[in-house]
Amino acid sequence: MSISEYKILVDRYLESCFIPSGHTYDKLLDSMRYSLMAGGKRIRPILALEFARISGGNINEILPIACAIEMLHTYSLIHDDLPCFDNDDLRRGKPTNHIVYGNWLATLAGDALQAEAFNTILKSSLAPDTKCACAQLLGEAAGVNGICSGQYLDMAFEGKPLTSAQLDEINLYKTGILLQASCEIGVTAAGGTEEQRKAAASFGAKIGMAFQIRDDILDVISTESKLGKTIGSDAEEHKNTYMVLLGQEGCEKKIRELTDSAKSSIQEIFQDTKQLESFAEALASRLE
């Protein structure tokens, strides 16, 4: 199955979720769906599904698990955009959730999406021990050793000069950890080996770092219409970025090193890695 076919599957599944149907809390569902269906690239569920495929898994059975990752990712974006964090007005070319629904409802929509991500995993048809393993991987990526720590460090270190190692730590937790977990969850859901899971984790961590560096570049050189969000917001908010630390040439060099290393980490462990390698290259060179 191709990357574009995976995206179609994911979009169809998510479209069927959280449909308002006369509840007194339908506006909460509207807010959740507004961000969930705002046109994301679906990178994380695509990674989960492709790693599941090359680990021998059933794509249809694992689809809810992959979509649960996107629910959790969407929660993190809603909260990241809030005035108390990055205070962004645009996400994916549309007004951010809190601009449309207000701060308190946007916060609740994020909370609900995070909870429903785990609910979706636990209600899936996978074996109980497999569901638990996938939920644990997602929980670790979302919690104090994952996204929340990354968000904390990003805010706590705002406006302070950082070393490359400190910036790596922020972005490992804030961005890379969920991409890494997506790859690991795909292998785990398919019943893959520990060797495959470790290789998937290495791949995910490296493309996650490359992804963040590309984001930092695009925040400087892209346009609002291409990127779908406010350009130059990192500089305005005095964010620490790789562009500040390394410059564009240094950033491009690091992206190339990380992408090549990511591809090498899976080539001898899985039989069919061509699509993942092409996907890594596409992410490394993306313009939006």
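Up top you'll find the structure we're talking about.
Residues numbered from 1 in each chain as written. Predicted model: local features only at pLDDT ≥ 70, side-chain atom pairs only at ≥ 80, totals over all residues. Heavy atoms only, no water.

**A look at the overall build of the protein chain**
Heads up, the rule is: The helix and strand labels rest on DSSP assignments: H or I over at least four residues marks a helix, E over at least two residues marks a strand, and numbering proceeds from the N terminus. Here's how the labels work: a residue is buried when its accessible area is under 20% of the maximum for its type, exposed when over 50%, partly exposed in between, all with a 1.4 Å probe on protein chains only. Areas reported here follow the Shrake-Rupley algorithm with a probe of radius 1.4 Å; residue values treat only the protein chains shown as occluding. His is not counted here, nor are the chain ends, while Lys and Arg score as positive and Asp and Glu score as negative. By convention, the charge on Lys lies at NZ, on Arg at CZ, on Asp at CG and on Glu at CD.
A tally of regular secondary structure across the protein chain gives 14 helices and two strands. Its C-alpha atoms give the protein chain principal-axis dimensions of roughly 55 × 45 × 30 Å. Residues counted as buried form 52% of the 288 residues belonging to the protein chain. Accessible surface, the protein chain as shown: approximately 12,600 Å² in total, 53% of it carbon and sulfur. Across the protein chain, the mean location of the 28 positive side-chain charges is 3 Å away from that of the 40 negative side-chain charges.

**Considerations on the packing of helix H4 (residues 59-81) against helix H7 (residues 128-142)**
To keep it simple, the criterion reads: Between the N-to-C directions of two axes lies an angle of 0 to 180 degrees, each axis being a line fitted to C-alpha atoms and, for a helix, fitted only over the stretch in contact. Roughly parallel here means an angle under 35 degrees, roughly antiparallel means over 145, roughly perpendicular means 65 to 115, and every remaining angle is called oblique. For any helix crossing, the convention is left-handed if the near helix is rotated counterclockwise from the far helix by under a right angle, and right-handed if that rotation is clockwise. Whether two residues touch is decided by their heavy atoms; if any such pair falls within 4.5 Å, the residues are in contact.
The contact between H4 and H7 brings their axes to 11 Å, and the two run at 15°. With respect to each other, H4 and H7 are oriented roughly parallel. Here the hand of the crossing between H4 and H7 comes out right-handed. Touching Ile65, Ala68, Ile69 and Leu72 of H4 are Cys134, Leu138 and Ala142, all from H7.

**Let's talk about unusual backbone geometry**
Phi at Arg42 takes a positive value of approximately 65°, unusual for a residue other than glycine. Its place among the elements puts Arg42 in the loop between helix H2 (26-36) and helix H3 (43-54). Not every positive phi belongs to a glycine, and Asn87 is a case in point at roughly 55°. Along the polypeptide, Asn87 turns up in the loop between H4 and strand E1 (90-91).

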